[in-house]
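Coordinates in review
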Amino acid sequence: MVKNEGLDIFAVRRRQFFIAGLIIAAITIVSTAITQYDPVKGITSVPKALWWMFRNFYPNANAFTRLPNILSKLHETFFLAVASTTTAAVLAFFFGLMGSKTTKVNDAMCKISRLVASVFRNIPDAVWAMIFLFSFGQNVLTGFFALFFVTFGVLARAFIETIDEASHASVEALQATGASYFQIVFQAVIPSSIPQVISWILYMIETNIRGATLIGILTGTGIGHLFLLYYRSLNYNTASLVVIAIIITVFVIEFISNYVRRLIL
Amino acid sequence: MALLQISRLSKEYLGGTKALTDVNFSVAEGEFVSIIGPSGAGKSTLLRCINRMVDASEGEISFDNINVSNINKKNLRLLRRRIGMIFQHYNLVNRLSVIENVLHGRLGYKSSIKGVMGVYTEEEKQRAFEILNKLGLKEQAYKRCDQLSGGQKQRVGIARALIQDPKLVLCDEPIASLDPNASKIIMDHLKNINKEMGITCIFNLHQVDVAMKYSDRIIGINNGQIKYDGPPEALSRDMIYSIYGTEAGELITD
Ligand SMILES: Nc1ncnc2c1ncn2[C@@H]1O[C@H](COP(=O)(O)OP(=O)(O)O)[C@@H](O)[C@H]1O
Ligand SMILES: [Mg+2]
């Protein structure tokens, strides 16, 4: 009897696997038909694209004369990413406290915080940018708020989980000693969750540097916009230098944040 | 007048689990009481009703002539700071030092802002070191808690409770995660606290033999109801069977 049930489970798993495979195949066929994307043509054009890049897409001496300009725009984008992440993190930590089961003040606030975080998280930054284009126009503020809201949503959710995981036990103990709410937050919640909180902030800074680059194309600011300018004016050599500068920045940031993570975790 | 008086206490959790049904007993000052029973019997719930970490559904609890059931937020703080609590998983802030964790026991006595910033008086620090010394943890005072062994962590937990100057200490399975050696050290310390300082102790214990050896009195509960309340000597094998049900076989191995 028991053995039979065990075999049944394997059969069910195989069937689930087969059905999932069919669904994925169907979705792929339908979406290539709708977008008129030809996978064969897509793949065969890769060598051609590589060959084009090889001939045009490298920085030359002329490109390097634009380096100061590129670096200044890169700074702008970098600080946009950092500023939007850190300010969002402060607000997100507050929502994390309210939304966490361990530190919530009441059930209503807890539900509202989670709902707000989920709404902001699920609207992508590009869509936020389009929304803010109406209010602020093509402006660095548009990029700031677009990144700010998504980051806030992602971090609030992450902080809710971090707080529950890292500090549940010590919060219980401090409540039992008669400590007040803010004493518990500063003496138990923050010390227990700070490594994960910092780790999440670093991760979002990395993500937002990429995000800020793309959003810059929409909002006409920063390094993304600069790339577009060179690309449109057919100055591929300088455009390629912009790309290389972005790639180096992303790797350096990643390296630094991995190092910091190793130190604190 | 008893230090702790519990009458007609019942607890039903959201979702309908009846954790406690009509529990009545009182504890005199200086007693060392064990509560035994299988897991899920309601031991933790019972302990947490006393310091209001869990709100009772029905019944009354009075501690030191204060009615625990309907006190306001401020008085709840005053109540809790006079009741220490020790946990199975120690519940320390692992990333802070031993001494900081011990001093957390003073938070209930502090203004919110001083507690937030972790400002303690010289006297409090002095006292923290005395307690650590007594528990054999003087050398560990500045170590981070995540560098300690389980037995050492539990001693930090005891120190945190003691610095509250409690009248009562509640221990929820204090030795369930420790090896026999460390368990004995913890139980001896707790017995000492009870004898020397006159602090009343209530224990949740899983191990019958430990309860028999250390306590003045044993309360056995099963399925949220008291099955036995009396001295360890009078606890018969049949009674242990009726408290533990089918689990009893594993517990009585002699
Ligand atoms: N927070 C809770 N919500 C719902 N049910 C709970 C909760 N805590 C405990 N229970 C239930 O109450 C009963 C008693 O649990 P507990 O007091 O933890 O028992 P013990 O400590 O003796 O193992 C169990 O059936 C348990 O599942
Ligand atoms: Mg329990």
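Residues numbered from 1 in each chain as written. Chains lettered and ligands numbered in written order. Predicted model: local features only at pLDDT ≥ 70, side-chain atom pairs only at ≥ 80, totals over all residues. Heavy atoms only, no water.

Before going further, it helps to examine the packing of aromatic side chains. Residues and elements named next belong to chain A. If you walk through the whole model with that rule in mind, you get 27 aromatic pairs over all chains. Geometrically, the ring pair formed by F132 and F136 is tilted, given 6.0 Å between the ring centres and 35 degrees between the ring planes. Taken together, the residues span about one helical turn, with F132 and F136 both in helix α6 (residues 125–136) at a distance of four residues. On the basis of relative accessible area, F132 is assigned to the buried category, the value being 11%. (Phe/Tyr/Trp six-rings, centres within 6.5 Å; stacked < 30°, edge-to-face > 60°. Helix = DSSP H or I, 4+ residues; strand = E, 2+ residues; numbered from the N terminus. Buried < 20%, exposed > 50% of the residue type's maximum accessible area, 1.4 Å probe, protein only.)

A few words on the pairing of strand β9 (residues 217–222) of chain B. Residue and element names in this part refer to chain B. With six of six residues buried, β9 lies mostly within the body of the structure. By the alternation rule, side chains of β9 split into R217, I219 and I221 and I218, G220 and N222, which are all buried. Here strand β3 (residues 32–36) pairs with β9 via four bridges, running parallel. Paired with I35 across the bridge in β9 is I219. Examined bridge by bridge, β9 and strand β10 (residues 225–230) share five bridges and lie antiparallel to one another. In the strand pairing of β10, I218 is matched with G230. Hairpin geometry of β9 and β10 is characterised by an intervening segment of two residues between the two adjacent antiparallel strands and by a positive phi of about 50 degrees at N223. (Pairing = 2+ DSSP bridges.)

To continue, consider the site of ligand 1. Residues and elements named next belong to chain B. The environment of ligand 1 is made up of Y13, T17, A19, P38, S39, G40, A41, G42, K43, S44 and T45. The contact in question runs from a nitrogen atom of ligand 1 to an N or O atom on the side chain of Y13, over 3.4 Å. K43 places a main-chain nitrogen or oxygen 2.9 Å from an oxygen atom of ligand 1. In isolation ligand 1 exposes 560 Å². Once the protein is present, 60% of that is buried. Of the residues belonging to the shell around ligand 1, the class tally is four nonpolar, six polar and one charged. (Near = heavy atom within 4 Å. Polar contact = N/O pair within 3.5 Å; in protein donor to acceptor, adjacent residues only side chain to side chain. Areas by Shrake-Rupley, 256 points an atom, 1.4 Å probe, with all protein chains shown as cover. Nonpolar A, V, L, I, M, F, W, Y, C, P; charged D, E, K, R; others polar.)

Attention now moves to the pairing of β3(B). Residues and elements named next belong to chain B. By the criterion of burial, β3 is predominantly enclosed, with five of the five residues buried. Of the two faces of β3, the one holding F32, S34 and I36 and the one holding V33 and I35 are both buried throughout. Sheet analysis places β3 next to strand β8 (residues 200–205), joined by five bridges and oriented parallel. Paired with I36 across the two strands is L205, which belongs to β8.

What follows covers the domain arrangement of chain B. All names here are of chain B. Here chain B is partitioned into domain 1 (1–82 + 166–254) and domain 2 (89–164). Taken over C-alpha atoms, the centre of domain 1 sits 25 Å from the centre of domain 2. Listed by partner, the interface residues are 17 residues for domain 1 and 17 residues for domain 2. Summing both partners gives a buried area of about 1,400 Å² for domain 1 against domain 2, and 60% of it is carried by carbon and sulfur. Summed over the shared surface of domain 1 and domain 2, the result is one salt bridge. (Domains from an automatic or database assignment. Contact = heavy atoms within 4.5 Å. Buried area = accessible area lost by both parts, 1.4 Å probe. Salt bridge = Lys/Arg side-chain N within 4 Å of Asp/Glu carboxyl O.)

Looking now at the packing of helix α7 (residues 140–177) of chain A against helix α8 (residues 181–219) of chain A. Residue and element names in this part refer to chain A. Packing of α7 against α8 brings their axes to within 8 Å, and their N-to-C directions diverge by 165 degrees. Put simply, α7 runs roughly antiparallel to α8. As for the relative orientation of α7 and α8, their crossing is right-handed in sense. Its residues assigned to classes, the contact of α7 with α8 shows 19 nonpolar, 14 polar and no charged. (Axes fitted to C-alpha atoms, helices over the stretch in contact; angles between N-to-C directions. Parallel < 35°, antiparallel > 145°, perpendicular 65-115°, else oblique. Left-handed = near helix turned anticlockwise from the far one by under 90°.)

Our focus in this paragraph is the sheet that holds β10(B). Residue and element names in this part refer to chain B. Across the sheet, six strands lie side by side as β6-β7-β8-β3-β9-β10; this open sheet has mixed pairing. Unpaired on one side and paired on the other, β6 (83–86) and β10 mark the two borders of the sheet. Taken over all neighbouring pairs, the strand axes of this sheet differ in orientation by 15 degrees on average, direction set aside. Strand contacts of helix α9 (residues 237–244): β3, β8, β9 and β10, with the helix running at about 40 degrees to β9, the strand carrying the most contacts.

Here we take up helix α6 (residues 150–162) of chain B. Residue and element names in this part refer to chain B. With 13 residues, α6 extends 18 Å from end C-alpha to end C-alpha; this agrees with the ideal 18 Å at 1.5 Å per step. Most of α6 sits inside the fold, with twelve of its 13 residues counted as buried. Looking only at α6, the buried set comprises G151, Q152, K153, Q154, R155, V156, G157, I158, A159, R160, A161 and L162. (Expected span 1.5 Å × (residues − 1).)

Below, the discussion takes up the domain arrangement of chain A. Splitting chain A by domain gives domain 1 (2–56) and domain 2 (61–264). Centre-to-centre, using C-alpha coordinates, domain 1 of chain A lies 32 Å away from domain 2 of chain A.

Turning our eyes to something else, we now look at the side chain of B:T200. All names here are of chain B. By secondary structure assignment, the location of T200 is in strand β8. In this structure T200 comes out as buried when scored by relative accessible area, which is 0%. At a separation of 2.9 Å, a polar atom in the side chain of T200 contacts the main-chain amide nitrogen of G30. With sequence-adjacent residues up to four places away left out, T200 is seen in contact with L3, V27, A28, E29, G30, E31, K167, L168, V169 and N194.

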